[in-house]
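These are the residues of each chain, in order.
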Amino acid sequence: MSRAVLVDLVRCMGCRACQVACKSWNDKKAELTQCLGCYDNPPGFSYNTWSLIQFNEVEYQGQLHWVFTKRQCMHCEHPGCASVCPVSAWEKTAEGPVIYHPHRCIGCRNCQYGCPFGVPSYNWDAVLGLVNKCTFCTDRTAEGYEPACIKVCPTDALEMGERSQLIAEAYRRFDRFPDRYYHHIYGEKEAGGTTWLYISPIPFDLLGFPDVGTAPVTEEAVTVMNGTPVTIVAAVAALSGLYWLTKRKEQVAEHKSGSEEGK
Amino acid sequence: MTTIVRRLRLPFNDMHQPGLMGKIVLALVALVALSGVVSAIYRLFVGLGPTTNLTDAYPWGLWIGFDFTLIAFAGVGFTMAAVVHVLHLEQYKPMARAAVLTGFLGYVSVLVILLLDLGRPDRFWGFLVYWNHHSPLFEISWCILLYTIVLTLEFAPLFFEGLQRPAIVKAIHKVTVPVVIAGVTLSTLHQSTLGTLYLAMPHKMHPLWWSWPLPILFYISSIGAGLAAMILIWILASKVFGRKKIEMNLLQGLAKGSVWVWVVYAVLRLGDLLMTGTARPMFAFDGPSVWFWIEMILMALVPIVLFSLQRVRESQAGLFIVSLLVTLGVLANRFNATLTAQYVNRFTVESVTETARYVPHLLEWVMQIGILAAAVLVWYLAARFLPVMPEAVKDEH
């Protein structure tokens, strides 16, 4: 069974209990921040902040919307981070979460470029630095508990379940409250599908969700990489051919000049 | 240096005695190299935070830009090996050794900088154990490792010739052709895979840089950069070692060849932008568009036009300056792919607080330039004590 989460931004009231629960369960340090003139705090992901709420004041169809977006790793079905990692430090598990094998990681930070959502963060303060991100609380789920953020959500804005059932549930809410929702599930098809699914009162681009298309992030690169054996065979064949051809040409030329001298 | 060689009873011939000016320059280069090594040791003890200005918004910076340029520049190794041993253009044989030496030192310096760039330099061997064959960086790591071995093999005859061990030289020469073919194949793979590395970030790159032919573009430009490197190094080394006569006919041949290389590059790149309808940003004349034109002018327009002129090809200064501009163009291209073309993640602290910018830390420069200086110094010493440049040199003295 594949675990997934439905994030209903219509239900979220921006209490940030999820953010606090994440820090406290995962023993992540607090960050020294400053007032930015908004509620965002801390303002973005970091090595110590895996989950956070962003506050969006957006005008849409003549109406002001105050939408709170809970951000964390999307746990993609085809994760870019895992695709580009040279040492397989990221792994997409059958149960849903994208997990990290810190003992393999060499700290090259390619995953920060492979992820279209800007999730993996590097530990810039460490002498021997690694990256990090939301774990989907695999240590809790292994024991049959919900992830910390989902456990504490007071409005059921976060719900965990079977992916297909959650998608059906989202469509049910669209049907039931057609005016409250923008009828699109972000993550159903985005980047080849994500495990964290979002529904919202307004279009997702207004909330800064990137337009990542519906193909897996690294589709093109994987196609090229799969062609590697062909490239090797083609290169060796072409080079050997050229070697033989130019050598033969030379020999023929030598032979000719030799026989001419003989006359 | 001569005294050391003599005292160690090494049978090397000293082919160059630098004058006072030369000695001062050598001392300065050594000083720069030393400061690089000292900062590198400091970086290993304190981590990347205090020694670089890299952030989650810009996880890669100056070092990656230089690494990827240097790999293209070190493409001189496989390009010249192919010219001499595969295409049998035997007249270029005198240049092959300088090319291999440049390739070898280029790759070694890249490896040193990459090691410093890793968060866990102590785990550099990770790719040998934990495989991920979809990862461009995995393939690049393997190819660079194997190609460095190939370059060592290609360089070895020269070393043993210097030591006057003809038997070993003869044995290595027997495997030259398969080694060269392996080397060119490995280079074809990783030079193009550096492009695939960027192909894996479609949503993070400006459309002027992200396109399907990226791997091919990186490959072609490494051949062009290699030819430019050969011209630059040949002229420079000939000057330093006081060779009175420079093989202008050979350099002209390289220049002519590079015209065709850059024509293919320009047609492929501009053609792709036009065909896919992403040419519009070229004329936006914002930062990326200006940088795009800078690199296209330096990599395509300059060599195609100027190397087509006989007057430029026949002048040593012309050959040198155009090759230098091409090298700067490739440098701009690799830096643009790493920095200019990258959209910064919206969800990093730096982008939310609008502080996302990257200006390399002073120590990043010191380490980078220090490693390059060390490579130059080793190149000079190798060419001084080993038969890198053709024999004619000694007769001049």
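Residues numbered from 1 in each chain as written. Chains lettered and ligands numbered in written order. Predicted model: local features only at pLDDT ≥ 70, side-chain atom pairs only at ≥ 80, totals over all residues.

Student: Tell me about the overall build of chain B, and please be specific about residues and values.
Tutor: Along the backbone of chain B there are 18 helices and zero strands. Taking 21 Å as the expected radius of gyration for a compact globule of 397 residues, we find that chain B reaches 22 Å, a close match to that expectation. The C-alpha extent of chain B, read off along each of the three principal axes, is 65 × 50 × 45 Å. The burial tally for chain B puts 49% of its 397 residues in the buried class. The long-range fraction of contacts in chain B, counting pairs at least 24 apart against all pairs at least 6 apart in sequence, stands at 81%. (Helix = DSSP H or I, 4+ residues; strand = E, 2+ residues; numbered from the N terminus. Rg over C-alpha atoms; globule rule 2.2 N^0.38 Å. Buried ≥ 20, exposed ≤ 12 C-beta atoms within 10 Å, placed from the backbone. Contact = placed C-beta atoms within 7 Å.)

Student: Residue-level account of the overall build of chain A, with values.
Tutor: The secondary structure content of chain A amounts to eight helices and 10 strands. For 263 residues, the compact-globule estimate of 2.2 N^0.38 gives 18 Å, and the C-alpha radius of gyration of chain A, at 26 Å, exceeds that figure by more than 25%. When the backbone C-alpha atoms are referred to their principal axes, chain A occupies close to 100 × 45 × 40 Å. The buried share of chain A, taken over its 263 residues, is 41%. Restricting the contact set of chain A to residue pairs at least 6 apart, pairs at least 24 apart contribute 59%.

Student: Tell me about the nonpolar core, and please be specific about residues and values.
Tutor: By size, the foremost hydrophobic cluster in this structure holds 179 residues, and its most contacted members are Val-7 and Leu-197 of chain A together with Met-80, Ala-98, Met-230 and Ile-231 of chain B. Excluding anything up to four places from it in sequence, Ile-231 of chain B contacts Leu-251, Leu-254, Ala-255, Leu-319, Phe-320 and Ser-323 of chain B. (Core = buried A, V, L, I, M, F, W, Y, C linked by C-beta atoms within 7 Å.)

Student: Can you tell me about the packing of helix α5 (residues 76–86) of chain B against helix α6 (residues 93–117) of chain B, naming the residues and giving the values?
Tutor: Relative orientation and spacing of two packed helices are given, respectively, by the angle between their axes and the distance between those axes. Residues and elements named next belong to chain B. Direction vectors running N to C along α5 and α6 enclose 155°, while the axes themselves pass 7 Å from each other. Between α5 and α6, the crossing angle belongs to the class labelled roughly antiparallel. Crossing angle aside, the handedness with which α5 passes α6 is left-handed. Between α5, through Val-76, Gly-77, Met-80, Ala-81 and Val-84, and α6, the contact on the second element is made entirely by Lys-93, Met-95, Ala-96, Ala-99, Val-100, Thr-102, Gly-103 and Phe-104. A class-by-class count of the residues in the contact of α5 with α6 yields nine nonpolar, three polar and one charged. (Axes fitted to C-alpha atoms, helices over the stretch in contact; angles between N-to-C directions. Parallel < 35°, antiparallel > 145°, perpendicular 65-115°, else oblique. Left-handed = near helix turned anticlockwise from the far one by under 90°. Nonpolar A, V, L, I, M, F, W, Y, C, P; charged D, E, K, R; others polar.)

Student: Account for the sheet that holds strand β1 (residues 3–8) of chain A, with residues named and values stated.
Tutor: Residue and element names in this part refer to chain A. The mixed open sheet is built from four strands, whose spatial order is β8-β1-β10-β9. Edge positions in the sheet fall to β8 (158–162) and β9 (182–186), since each has one partner strand and no second. Across the sheet, the axes of successive neighbouring strands diverge by a mean angle of 20°, strand direction being ignored. Pairing geometry for β9 and strand β10 (residues 196–200), over two bridges, is antiparallel. Opposite Tyr-186, over in β10, you have Tyr-198 as the bridge partner. Most of the contacts of helix α6 (residues 163–176) go to β8, to which it runs at about 130°, and overall it touches β1, β8, β9 and β10. (Pairing = 2+ DSSP bridges.)

Student: Lay out unusual backbone geometry with the relevant residues and their values.
Tutor: Of note, the bond from Asn-41 of chain A into Pro-42 of chain A is cis; its omega dihedral lies within 30 degrees of zero at -15°. Residue position: Pro-42 of chain A is located in the loop between α1 (17–25) and β2 (52–60). The phi torsion at Phe-136 of chain A lies on the positive side, around 65°, for a residue other than glycine. Tracing the sequence through the fold places Phe-136 of chain A in the loop between β7 (131–132) and α4 (138–141). The backbone phi angle of His-88 of chain B is positive, close to 55°, even though this residue is not glycine.

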